[in-house]
Amino acid sequence: MTEKHSNVVGGSTAKRTIKCPGWRKLSEQAPRDEGSIYAREGTMLHEVIAQVLGENLDPEKLVGVEVAGVVFTADLLEEKLLPNLDAFDEYAVPHYLEFEVEQRVAIPEIPGAFGTADIIGMDSDDMFCCFDWKFGSGVAVSPEEIDQGLFYTAGALRKPEYKDWVDRCAGVRIGIIQHGRLETWDTTVERVEQFVQELEMAVRLGDSENPPFAMGDHCRFCPCMTICPEHQDLAHAALSADGWGDNLAYWIEHADQLIEFGNAVKNKTHDYMENGGTVPGWKLVAKRARRGWGDAEAAEEFLRRVARRSSNQLKVSELFKHTLLTPAQIEKVFKSEGVALDQLAEYIVNRSSGTTLAPESDSRKEVKLTADRLQEIATRLSASTGS
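Quick caveat: nothing in here was measured; it's all calculated off a predicted structure. (Residues numbered from 1 in each chain as written. Predicted model: local features only at pLDDT ≥ 70, side-chain atom pairs only at ≥ 80, totals over all residues. Heavy atoms only, no water.)

**Points about the overall build of the protein**
When its secondary structure is counted, the protein shows 13 helices and 13 strands. Taking the intrachain contacts of the protein between residues at least 6 apart in sequence as the baseline, contacts between residues at least 24 apart amount to 71%. For the protein, the computed accessible surface area is about 22300 Å², with 50% contributed by carbon and sulfur atoms. (Helix = DSSP H or I, 4+ residues; strand = E, 2+ residues; numbered from the N terminus. Contact = heavy atoms within 4.5 Å. Areas by Shrake-Rupley, 256 points an atom, 1.4 Å probe, with all protein chains shown as cover.)

Spelled out as structure tokens, the structure:
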């Protein structure tokens, strides 16, 4: 089976490798990262849009497809895929873009360096194009000097199939398609080659006996943040700091890094314990339960009967807003109309959305992971990794 991600360096890790060469060797000691639901949603959307463009499929016909444990829904089609697809078409059509999707590219100067470029092409301006899809809802990513785009472009320029495009290209156009817009940055082949030299040097540094580490925005998704010496030293210094008033300027500058480090520790610990691990002094407890309808159809049938028999002119329309109102909202309507609440109880259940970490001194009951729960987690992880 062909590897999907490089364990040396790829597009998504190029920036981190250049900024912090030591991360890669350290990551070999890090707990396994299964990826968040948002990452798996992004993987699924990349797969779907590649099928749409590569096989000229109607995206609506792919609703219901499941990839990496995430289902492609009508909402994702309308809110994330179609806006980006329209943005791409608005560029591709007038620029007569010749393109290919989901192309594996490599940088031979760095053994093991490879990745998958979303779109490689040549437009009517004779610009060699490399575009990347972004489906997250966060802050927009700028294509200017983006290491990921430079990596994929470098690999594509070395692909024999694109020699004709490379020979006649006037320059390089790197693009990010996100939030229904395509933003591009024009640069030169020479800048791409300079990037390759920088990356090659960083990989060599990372392979050295004592590779350097550095903190920065490249740490955000780093799998080894919890065991990173730079972050641990910063955390120890913060915990032992004395005289905060004289050092606030220093600590506020590092506040976001401390917060991210703390969140990474919590997330890793939670994942470890959900997979059956134990951490002295900590346990898993159910998240705050929210009331919902145990059987929505039965509750709806009951409420319609109540409305029909109501002597207080209770209207069915007051109980529904296209979907059944929540128990709390129904209770508010019942109270305002003078309808008894006691019959609602049998239709309402309390459901927790999962587990969270808590010290053993916490008053909440510990969640015991049953065989069924462990199997559920194992199934979810298997779906997310494709194994």
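**A few points about a negative patch on the surface**
A contiguous patch of negative charge on the surface is contributed by Asp58, Glu60, Asp75, Glu78 and Glu79. Note on placement: Asp58 falls in the loop between helix 3 (37-54) and strand 1 (66-67). (Patch = residues over 30% accessible without salt bridge, like charges linked within 9 Å, V, L, I, M, F, W, Y side chains within 5 Å. Salt bridge = Lys/Arg side-chain N within 4 Å of Asp/Glu carboxyl O. Lys, Arg positive; Asp, Glu negative; His and termini not counted. Charge placed at Lys NZ, Arg CZ, Asp CG, Glu CD.)

**Quick notes on the pairing of strand 7 (residues 181-187)**
Relative to strand 7, strand 6 (residues 171-178) runs antiparallel, the two sharing 7 bridges. Bridged to Ile176 within strand 7 is Glu183. (Pairing = 2+ DSSP bridges.)

**Looking at the layout of surface pockets**
Here the second largest pocket defines a volume of roughly 150 Å³. Lining the second largest pocket, in full, are Met273, Gly276, Gly277, Thr278, Val279, Trp282, Lys283, Leu284, Glu366, Val367 and Leu369. In terms of residue count, strand 8 (residues 282-286) provides more of the lining of the second largest pocket than any other element does, 3 residues in total. Of the residues contributing to the lining of the second largest pocket, the split by class is 6 nonpolar, 3 polar and 2 charged. (1 Å grid on protein atoms, 1.4 Å probe; cavity = no way out; pocket = protein on both sides within 12 Å on 5 of 7 lines; lining within 4 Å. Points joined across faces, edges and corners; volume = space filled by probe spheres on them. Nonpolar A, V, L, I, M, F, W, Y, C, P; charged D, E, K, R; others polar.)

**Here's the deal with empty space enclosed by the protein**
Tallied over the entire structure, the rule returns 1 cavity of 30 Å³ or more. Arg16, Cys20, Trp23, Leu26, Phe213, Ala214, His218, Cys219, Cys222, Cys224, Cys228 and His231 together form the lining of the largest cavity. Taken together, the residues of the lining of the largest cavity sort by class into 9 nonpolar, 2 polar and 1 charged.

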